[in-house]
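# Notes for the structure review
These are the residues of each chain, in order.
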Amino acid sequence: MTEPTRRTAIVTGAARGIGAAVAERLAADGFAVAVLDLEESAARRVADRVEAAGGRALAVGADVSDEAAAEAAVRRVADELGAPAVLVNNAGIIRDNLLFRMSADDWDAVMGVHLRGSFLMARAAQAYMTKAGWGRIVNLSSTSALGNRGQANYAAAKAGLQGFTKTLALELGKFGVTVNAIAPGFIETEMTAATAARVGMDFEEFKRAAAAQIPVARTGRPEDIAAAVSFFAREEAGFVSGQVLYVAGGPKA
Ligand SMILES: NC(=O)c1ccc[n+]([C@@H]2O[C@H](COP(=O)([O-])OP(=O)(O)OC[C@H]3O[C@@H](n4cnc5c(N)ncnc54)[C@H](O)[C@@H]3O)[C@@H](O)[C@H]2O)c1
């Protein structure tokens, strides 16, 4: 008996936080999942969890902002796991500072991972998707796209990803590929823990302060974002493209 066909998904920045939850959710949904992150050993822990739960996973170490590395990673996934049908551009970094203190290196680093990285990964993955006549690309934007003090670089990158998403939706739609963005609000991860540390606040206190500003009166969890990705990746979401879904516990941050 042959194995039932399992589509392959690539999740970038999947060694922890939102990306890890997305990888585990897509595996539970039936996708073979490439867990891509800077360090293969960190990605392997998530891939092992996926396999222990009965899924299929491959840990891939790559820097998404490096053209050769991004292309090699996508090729490796196609060879070892299957042609990528879903790409979740989730890898991200923050280099926060007020404009007058922001270095050009901190500007470039943030643009490099979020914008250049998403572009390189999407360009490499679309070749397989358009050939198959089916694909799903989901880009991680943020409520910071609407403006956030201390995040000129990150807000510009996250707003840029929204334009990128809509443009790819226009270009790839006729090939059966949808492209959407998710803009999370406050999600409990190492990224928000690092922000709390930077402003000198205890993480629990920081979360309580954030929750007080959120209509559903709690902060978000990685699973909240994974559920939204799961929807966009589905067969039945094929008529939804070029959208930005704010997953923020209310209409805005
Ligand atoms: N946590 C939040 O509140 C929040 C809110 C809005 C948007 N987001 C976005 O969601 C995504 C995930 O955030 P998170 O909170 O889980 O972050 P995180 O810091 O917990 O995890 C990010 C992961 O990306 C990886 N990564 C960074 N640079 C990379 C590169 N060049 N190549 C490959 N992997 C790389 C890191 O190693 C890490 O494992 C990011 O794009 C972030 O900007 C997060």
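The paragraphs below set out a description of the structure included in this document. (Residues numbered from 1 in each chain as written. Predicted model: local features only at pLDDT ≥ 70, side-chain atom pairs only at ≥ 80, totals over all residues. Heavy atoms only, no water.)

## Quick look at helix 3 (residues 67–80)
The criterion, for reference: Strands here are runs of E lasting at least two residues and helices are runs of H or I lasting at least four, both read from the DSSP assignment and numbered beginning at the N terminus. What a helix is expected to span follows from its residue count: subtract one and scale by 1.5 Å. Here a residue-residue contact requires only that any non-hydrogen atoms of the pair lie within 4.5 Å. Polar contacts here mean pairs of N or O atoms no more than 3.5 Å apart (in protein, one a potential hydrogen donor and the other a potential acceptor; neighbouring residues in sequence count only if both atoms are side-chain atoms).
An ideal rise of 1.5 Å per residue puts 20 Å on 14 residues; helix 3 measures up with 20 Å between its terminal C-alpha atoms. Elements that come into contact with the buried residues of helix 3 comprise strand 1 (8–12), strand 2 (32–37), strand 3 (57–61), strand 4 (84–89) and helix 4 (104–132). Where helix 3 starts, the residue carrying a side-chain oxygen 3.1 Å from the main-chain nitrogen of Ala68 turns out to be Asp66. The positive-phi residue at the C-terminal boundary of helix 3 is Gly82, with phi of around 135°.

## Side note on unusual backbone geometry
The line we're drawing: Any residue under 20% of the maximum accessible area for its type is buried, any over 50% is exposed, and the rest in between are partly exposed; the area is computed with a 1.4 Å probe on protein chains only.
Positive phi values are uncommon outside glycine, yet Ala217 reaches one of about 60°. Along the polypeptide, Ala217 turns up in the loop between helix 7 (203–211) and helix 8 (222–233). Judged by its relative accessible area of 57%, Ala217 falls in the exposed class.

## A word on the site of the ligand
Put simply, the rule reads: We call a residue near a molecule or strand when any one of its heavy atoms sits within 4 Å of it. Note that accessible areas follow from Shrake-Rupley with a 1.4 Å probe, and for residues the cover is restricted to the protein chains shown. Note that Gly is not counted as nonpolar here; it falls among the polar residues with everything else outside the nonpolar set of Ala, Val, Leu, Ile, Met, Phe, Trp, Tyr, Cys and Pro and the charged set of Asp, Glu, Lys and Arg. Where each domain begins and ends is defined by an automated method or by a domain database.
Around the ligand, the surrounding shell holds 29 residues, and the nearest of these are Arg16, Asp37, Asn90, Tyr154 and Thr189. Contact distances for the ligand include 3.5 Å between a nitrogen atom and a backbone N or O atom of Ala62. A distance of 3.0 Å is found between an oxygen atom of the ligand and a side-chain nitrogen or oxygen belonging to Lys158. Protein chains shield 93% of the accessible area of the ligand, which is 830 Å² for the free molecule. Those elements that provide at least two residues to the shell around the ligand are helix 1 (17–28), helix 4, helix 5 (152–172) and helix 6 (190–198). Its residues assigned to classes, the shell around the ligand comprises 14 nonpolar, 10 polar and five charged. Residues lining the shell around the ligand come from more than one domain, with at least three contributed by each of domain 1 (3–185 + 222–246) and domain 2 (186–219).

## Some details on the sheet that holds strand 2
As a reminder of what qualifies: Two strands are counted as paired when DSSP detects at least two bridges linking them. To obtain an axis, a line is fitted to C-alpha atoms, over the contacting stretch when the element is a helix, and the angle between two such axes runs from 0 to 180 degrees between their N-to-C directions.
In space, the seven strands of this open sheet follow the order 3-2-1-4-5-6-7, with parallel pairing throughout. Each of the sheet's edge strands pairs with one partner strand only, and the pair in question is strand 3 and strand 7 (244–247). This sheet shows a mean twist of 20° between the axes of neighbouring strands, independent of strand direction. Pairing analysis gives six bridges linking strand 5 (residues 135–140) to strand 6 (residues 177–184), with the strands arranged parallel.

## Some details on the pairing of strand 6
Short version of the rule: When the strands point away from the viewer and the path from the first strand over the helix to the second turns clockwise, the crossover is right-handed.
Within strand 6, eight of the eight residues are buried, which leaves the element mostly enclosed by the surrounding structure. Handedness of the β-α-β unit built from strand 5, helix 5 and strand 6 comes out right-handed. Sheet topology note: the strand 6/strand 7 ladder contains four bridges and is parallel. Looking at the pairing, Ala181 lines up with Val244 of strand 7.

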